[in-house]
Amino acid sequence: MNLFVVLFFSILNIFIGKPAENTEVYLEKGGQLIAFQATGEKGKVSFKHLNEGSYKLLLIFPQQEGKYMKEKPKHETMTKATYNPKNKTYYYQGTEGFFSIKFIDISRIRSENFSAIFREERDEEDKFNAIAEFGIHNAGGSIGVFVEAITAAQFKKAADKIGQDISTQSIRGIK
């Protein structure tokens, strides 16, 4: 029985990622930082009780290792991002590794006022990945993210599946 459980979870791990602990998630309103949280062992962060206004969500991904970092050596590392609006999932490939970011706990945000973006922003020490801009229309809005480390194959499969629905954006990687 124990062998079956180990085998089951090993196979399951091939098809899904692992929660990305220590992803830094920043929330800005009007260009000012208003909140910060790091993902825990479940890879989740939520911002609740947000007032009316325009917001931007930025992430700093943790460096991945092992199968969550490997890609074929013939490919040059590129920073890529794509978004699947059907399942509200953002996919990212960078020098840190491969990630999926699912938007969760969304309330009081209209779909026409939510925009997945792909922009790198830097300060003196860090590279931030701006992934979403959105507007909240009534006080008490909320948004959350579930961040998973995924493999290169999982990223490619997700990006290929999205296909023509959204264009994948790329920036040459910095090594």
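Keep in mind that this is a model prediction, so the values were computed, not measured.

Student: Looking at this structure, how should I read helix 2 (residues 152–162)?
Tutor: Since there are 3.6 residues in each turn of an α-helix, residues three or four apart along the chain are aligned in direction. Regarding helix 2, the residues found buried are Ala 152, Gln 154, Phe 155, Ala 158, Ala 159 and Ile 162. On an axial view of helix 2, the arc spanned by its buried residues comes to 165°, and they lie on one face. Of the exposed residues in helix 2, those oriented more than 90 degrees away from the buried face are Ala 153, Lys 156, Lys 157 and Lys 161.

Student: What is the right way to look at the nonpolar core in this model?
Tutor: Leu 57, Tyr 90, Ile 101, Phe 103 and Phe 134 are the most contacted members of the largest nonpolar core, which has 29 residues in total. In contact with Ile 101, not counting residues within four places along its chain, are Leu 59, Phe 61, Lys 88, Thr 89, Tyr 90, Tyr 92, Ile 131, Val 145, Phe 146 and Val 147. Core analysis: the next-biggest nonpolar cluster, separate from the first, contains eight residues, Phe 98, Ala 152, Ala 159 and Ile 162 among them.

Student: What's the story with the sheet that holds strand 9 (residues 114–122) in this structure? I'm lost.
Tutor: Each strand in a sheet pairs with its neighbour through backbone hydrogen bonds, running either in the same direction (parallel) or in the opposite one (antiparallel). Pairing within the open sheet is antiparallel, and its five strands lie in the order 3-2-5-10-9. One side of each edge strand has no neighbouring strand; the edge strands of this open sheet are strand 3 (32–38) and strand 9. Each strand of the sheet is rotated relative to its neighbour by a mean of 25°, with strand direction disregarded. Inspection of the sheet shows strand 2 (residues 24–29) paired to strand 5 (residues 53–60) by six bridges, in the antiparallel sense. From the neighbouring strand, Lys 29 faces strand 5, where its bridge partner is Tyr 55.

Student: Hey, could you run me through the side chain of Asn 129 in this one?
Tutor: Position of Asn 129 among the secondary structure elements: in strand 10 (residues 127–136). Residue contacts for Asn 129: discarding those within four places in its chain leaves Leu 57, Leu 58, Leu 59, Phe 61, Tyr 92, Glu 96, Arg 119 and Glu 120.

Student: I'm lost on the pairing of strand 7 (residues 89–94) in this one. Help?
Tutor: Residues in a regular strand point their side chains to alternate faces of the sheet. A large share of strand 7 lies buried, amounting to six of its six residues. Side chains of strand 7 alternate between two faces, with Thr 89, Tyr 91 and Gln 93 and Tyr 90, Tyr 92 and Gly 94 buried alike. Where strand 6 (residues 78–84) lies against strand 7, five bridges are found, and the strand directions are antiparallel. Bridge pairing links Asn 84 to Thr 89 in strand 7. The loop that links strand 6 with its antiparallel partner strand 7 comprises four residues; one of these, Lys 88, has a positive phi angle of about 50°. Examined bridge by bridge, strand 7 and strand 8 (residues 97–107) share six bridges and lie antiparallel to one another. Across the sheet, the residue bridging to Gly 94 is Gly 97, located in strand 8.

Student: Can you help me understand the pattern of salt bridges in this one?
Tutor: Between side chains of opposite charge, a pair can form as their charged atoms come close. Throughout the structure, instances matching the rule amount to eight salt bridges. Between Glu 121 and Lys 56 there is a salt bridge whose closest N-O contact spans 2.8 Å. Taken together, the residues span a long stretch of sequence, with Glu 121 in strand 9 and Lys 56 in strand 5 at a distance of 65 residues. In this pair, the class of Glu 121 matches that of Lys 56, namely buried. A salt bridge links Lys 127 to Glu 96; its shortest N-O distance comes to 3.3 Å.

Reading guide: rules and limits
Residues numbered from 1 in each chain as written. Predicted model: local features only at pLDDT ≥ 70, side-chain atom pairs only at ≥ 80, totals over all residues. Heavy atoms only, no water. Buried < 20%, exposed > 50% of the residue type's maximum accessible area, 1.4 Å probe, protein only. Helix = DSSP H or I, 4+ residues; strand = E, 2+ residues; numbered from the N terminus. Arc of directions from axis to C-beta. Core = buried A, V, L, I, M, F, W, Y, C linked by side-chain atoms within 4.5 Å. Contact = heavy atoms within 4.5 Å. Pairing = 2+ DSSP bridges. Axes fitted to C-alpha atoms, helices over the stretch in contact; angles between N-to-C directions. Salt bridge = Lys/Arg side-chain N within 4 Å of Asp/Glu carboxyl O.

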